[in-house]
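# Chains, contacts and geometry: an overview
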Amino acid sequence: MLTLYAKTGEIRDYLHIEASADGEAWSKVPYTVELVSDADTAWQKLAVQGVIPRDLGAQFFRVSFAGDGFAPEDLQLGHVYLAGVAIPESLELLPY
């Protein structure tokens, strides 16, 4: 689970989560974004969760932020929590 702080909740065009078996070939990891709080500040707190399919044989995981119109100062990585539980079809990242 990632906790992000962003000036907009629309981060899907900028947030890239990928996994790889060898560190060379990368596959996108599907994820969800939940608005945790929309305080009276310019920053929104977002919770991001995803599942890495077991058939990827993932040994590597990466998160990147990039894209047209992306301003690095508009996004902050607040917290990262990774946990894996082997289940028949996937390796699930569990919320804490």
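Refer to the preceding data block for the structure.
This report concerns the structure included in the present document.

Definitions and limits used
- Residues numbered from 1 in each chain as written.
- Predicted model: local features only at pLDDT ≥ 70, side-chain atom pairs only at ≥ 80, totals over all residues.
- Heavy atoms only, no water.
- Helix = DSSP H or I, 4+ residues; strand = E, 2+ residues; numbered from the N terminus.
- Buried < 20%, exposed > 50% of the residue type's maximum accessible area, 1.4 Å probe, protein only.
- Contact = heavy atoms within 4.5 Å.
- Areas by Shrake-Rupley, 256 points an atom, 1.4 Å probe, with all protein chains shown as cover.
- Salt bridge = Lys/Arg side-chain N within 4 Å of Asp/Glu carboxyl O.

Assigned secondary structure in the chain consists of zero helices and nine strands. Of the regular secondary structure in the chain, the N- to C-terminal order runs β-β-β-β-β-β-β-β-β. Counting all 96 residues of the chain, 26% fall into the buried class. Within the chain, counting contacts between residues at least 6 apart in sequence, those at least 24 apart form 65% of the total. Carbon and sulfur atoms provide 51% of the accessible area of the chain, an area that totals close to 6,100 Å².

A word on the pattern of salt bridges. A full pass over the atoms with the stated rule returns two salt bridges. The partner of Asp74 in a salt bridge is Lys7, and the shortest N-O contact between them spans 3.7 Å. Note that Asp74 is positioned in the loop between strand 6 (60–65) and strand 7 (75–80) and Lys7 in the loop between strand 1 (2–6) and strand 2 (15–20), a separation of 67 residues in sequence. A relative accessible area of 42% means that Lys7 is categorised as partly exposed. For Arg62, the salt bridge is made with Glu18, and the minimal N-O distance between the two is 2.8 Å. Taken together, the positions of Arg62 in strand 6 and Glu18 in strand 2 put the pair 44 residues apart, joining distant regions of the chain. Under the relative-accessibility criterion, Glu18 is labelled buried at 15%.

Everything listed here is a matter of coordinates, which is why it stays silent on function.
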